[in-house]
Amino acid sequence: MDTTVAWRVLRSPELLSLIFCCMDKANNAACAIVCRAWLNPSLNELWRCIHGPLILLKLLAPMHKTDDSCGTSRWLFSRFVLPSDWLRFEFYAWRIRRLNYCEPDGPPIIDASVFAEVARTRPTITLLPHLQHLAWHTKNLNQAILFMHPNLTGLVARIDEPFVAAEGFMEARCFLIEAAVRLPRLTLLDIRASFSVVHVQNALVNLLCGARQLKKVVLPRYWLSSAVISALAPSPCLEVLQWEYIDQGQGDAANVHTFEISACDRPFPALVDLSLEVNIQDAIEFMESSSFPRHLKMFYVRSLRLVPPSDVQRFFTLCSTISHNLTHIYLDLHTNTLEVVPESHYISLATFEPVLSCPTITHLTLTFNAPLSITDADVETFASRWPSMVALYLNDEPLWLETPGLTLAALLSLTEHCPKLEELGLYVDATKPPPSLSVPTPFAQLRILDFGTSPIEDENTVAIFLSRICPFPSSTPLQVVAGVALDPVLQDAIDSEKAHEIEHRSEGWSRVKTYLPMLLTLRAEERSRVSELEKELEDFRSGPQPLQLSPSESPVVSTQPAHLCG
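Note that this is a predicted model, so its numbers are computed, not measured. In every chain, residue numbers begin from 1 and rise along the written sequence. Only residues with pLDDT of 70 or above have their local features reported here, since the model is predicted, and side-chain atom pairs are shown and tallied only from 80 upward, although totals for entire chains, interfaces and linings are computed over all residues. Calculation of side-chain values draws on the structure's entire complement of heavy atoms; hydrogens and water are dropped beforehand.

## Quick word on the confidence of the model for the protein chain
Here is step 1: Averaged over all residues, the pLDDT of the protein chain equals 85, while 89% of them reach at least 70.
Here is step 2: The predictor attaches a confidence to each residue, called pLDDT, with possible values from 0 through 100. Note on conventions: DSSP H or I runs of at least 4 residues are helices, E runs of at least 2 residues are strands, and numbering of each starts at the N terminus. Between the elements of the protein chain, mean pLDDT differs from a low of 59, seen in helix H9 (residues 161–165), to a high of 96, seen in strand E9 (residues 216–219).
Here is step 3: Throughout, a residue-residue contact means that at least one pair of heavy atoms, one from each residue, lies within 4.5 Å. Segment residues 562–566: pLDDT under 50, and two contacts once partners within four positions in sequence are set aside and those in other chains are kept.

## Some thoughts on the pattern of salt bridges
Here is step 1: Salt bridge, as used here, is a side-chain nitrogen of Lys or Arg placed within 4 Å of a carboxyl oxygen of Asp or Glu. A complete count under the given rule lists 15 salt bridges for this structure.
Here is step 2: In this structure, Glu-459 engages Arg-511 in a salt bridge whose closest nitrogen and oxygen atoms are separated by 2.9 Å. Placement of Glu-459 in helix H18 (residues 459–469) and of Arg-511 in helix H20 (residues 496–541) is noted, with a sequence separation of 52 residues between them.
Here is step 3: Between buried and exposed lies partly exposed: a residue is buried under 20% and exposed over 50% of the maximum accessible area for its type, with that area taken using a 1.4 Å probe on protein chains only. What makes Glu-459 buried here is its relative accessible area of 14%.
Here is step 4: Since its relative accessible area comes to 34%, Arg-511 is described here as partly exposed.
Here is step 5: One salt-bridge network, in which partners are shared between bridges, spans Arg-221, Glu-277, Arg-302 and Asp-332.

## Looking at empty space enclosed by the protein
Here is step 1: With a 1 Å grid laid over protein atoms only, a set of points is called a cavity when a 1.4 Å probe fits there but cannot get out and a pocket when it is open yet has protein on both sides within 12 Å along at least five of seven lines; lining residues have an atom within 4 Å of a point. Grid points are joined across faces, edges and corners, and a volume is the space filled by probe spheres set on the points. For the structure on display, the rule yields three cavities of 30 Å³ or more.
Here is step 2: The space that makes up the largest cavity amounts to roughly 60 Å³.
Here is step 3: Around the largest cavity, the lining residues are Leu-372, Ile-374, Leu-394, Asn-395, Pro-404, Gly-405, Leu-406 and Tyr-427.
Here is step 4: Broken down by class, the residue content of the lining of the largest cavity amounts to six nonpolar, two polar and no charged. Residues are sorted three ways: Asp, Glu, Lys and Arg are charged, Ala, Val, Leu, Ile, Met, Phe, Trp, Tyr, Cys and Pro are nonpolar, and all the rest, Gly among them, are polar.

## Regarding the packing of helix H13 (residues 280–288) against helix H14 (residues 309–322)
Here is step 1: In this analysis an axis means a line fitted to C-alpha atoms, helices contributing only their contacting stretch, and an angle means the value between N-to-C directions, from 0 to 180 degrees. Across the interface, H13 lies against H14 with an axial gap of 10 Å and an inter-helix angle of 25 degrees. Taken together, H13 and H14 sit at an angle that is classed as roughly parallel. Crossing hand, H13 versus H14: left-handed. Along the contact surface, H13 presents Ile-280, Gln-281, Ile-284, Met-287 and Glu-288, while H14 presents Asp-311, Arg-314, Phe-315, Leu-318, Cys-319 and Ile-322. Under this scheme an angle from 65 to 115 degrees is roughly perpendicular, one under 35 degrees roughly parallel, and one over 145 degrees roughly antiparallel; angles in between are oblique. The crossing is said to be left-handed when, going from far helix to near helix, the turn is anticlockwise and less than a right angle, and right-handed when the turn is clockwise.

## Observations concerning the state of the cysteines
Here is step 1: Sulfur atoms of two cysteines make up a disulfide when they are within 2.5 Å. On inspection of all chains with the given rule, the structure shows zero disulfides.
Here is step 2: Among the cysteines around Cys-319, which has no disulfide bond, Cys-358 carries the closest sulfur, lying 8.2 Å off.
Here is step 3: In this structure Cys-319 comes out as buried when scored by relative accessible area, which is 2%.

## Considerations on unusual backbone geometry
Here is step 1: You will see that Phe-268, though not glycine, has its phi angle at about 45 degrees, which is positive.
Here is step 2: With respect to the helices and strands, Phe-268 occurs in the loop between strand E10 (240–243) and strand E11 (273–278).
Here is step 3: Judged by its relative accessible area of 2%, Phe-268 is buried.
Here is step 4: One non-glycine residue, Asn-395, lies in positive phi territory at about 50 degrees.
Here is step 5: Structurally, Asn-395 is set in the loop between strand E15 (391–394) and helix H17 (410–417).

## Brief notes about the layout of surface pockets
Here is step 1: In this structure, the largest pocket spans a volume of roughly 980 Å³.
Here is step 2: Along its surface, the largest pocket is lined by 34 residues, and Tyr-245, Tyr-300, Tyr-330, Asp-332 and Thr-365 are the ones closest to its centre.
Here is step 3: Those elements that provide at least two residues to the lining of the largest pocket are E10, E11, strand E12 (298–303), strand E13 (328–332), strand E14 (363–367) and E15.
Here is step 4: For the lining of the largest pocket, the residue count by class is 18 nonpolar, seven polar and nine charged.

Printed below as a string of structure tokens:
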């Protein structure tokens, strides 16, 4: 390529942006000093996402660390901020798209006087005009308001309980009120807190009613009350509404004991992913009402109380008839207490019958305190009715450690009927000898094999069996998982004897996990050698081929007697 053409191509801002976004910060910093044409594209990538406002504040004026009267180290401005300081700040400020600030647990922290000085001297209301995503995990929520502006689309905020409770949660309510006024184009709202939603419910509902461009809302556990969900029902763009266990926080379960959604025109017109924690009877009434979203693809329900199989069957019946787009069903029947499950409440194949006829289901997860009352033959029914299943978890983590009705033989029907299966979780009795296999059909795409709290004795035999049905080693290795992943309430309810037994079983499956990769590699090499030998044998059986010669190369055969040939 001509050097002039190459140089012209490498001066294209669009092309440079594509190149620099694939580079790390060190290389982008080096590119920034190559030439003037590369300066802005490389700086745009360097400043696109920053972690904490300290690097920004140091652009305004020199800063130093000092200890307050309590001995806490804090960052302070060494002088007042001058109008000329803002010119340097603005050169970098317009490049920032994401600001993530997680205040450190220990010192040094940024003193409140620094943010007050910024608010006093700023030349314009909007500090970061192109900021799109703001994540603020500090004790002082008011500081985040400095960085809000009408074009901000993503807000992640952790509301710290000890700090806001001292003020009667006034700061938390003020923060949500300010967000409602300043963020009309919000598309993502993610709130993390550990107190009851009633303290901020009115302010939160006001924010949700005003942010009509919301696409995703993630709230703490027990924050999806009737008032909150009713406020979101008319949202025309809302696609995801969920609560989370990990790092999201937890409110008061009493706020979701009653569940009733206010009627509105065209509720949840765009919702495809919904997570609820309610009584299963309330979930059924919601599904039967006109307020239930008709385009739902992913539905997660966690029941607050122990439910009979008839209610579970009714839930599955509604799942199979209400939404024709439903592909993911997650039904968590673990209650918050380890209450005894009567045999009349055990779940069998008949409970699943309504959803077996739903061809769109590709992901199904069911958890329960007691093992499922199903057999290897029932799993074959599952597999034959769901050939398109991608992820199937049939209560692999029961907390009542009774003898499973399934054995390792249940895996064979899944290898035969479910070629697309990527994730599988079963509670099996791995203490029984695995079935003998002549020519097994291995899983084609399996990535996760979860045995939960399944009992196991002979890890070597189990690992050898799994090596015959698991896929060959690839770029995405198979993960063998065991143990339980429970919320803290249930973890505290497990007695020490049961916890010890679960840990003992997990250790056995951990050894299987250690052996399996080596066995899979050996199996792959063995099958490769067998394939080569079969090919050689086929060539040998076909016999030698006759030699084909051209007419010019054909031997001349003499017709004279041999004694005359001289």
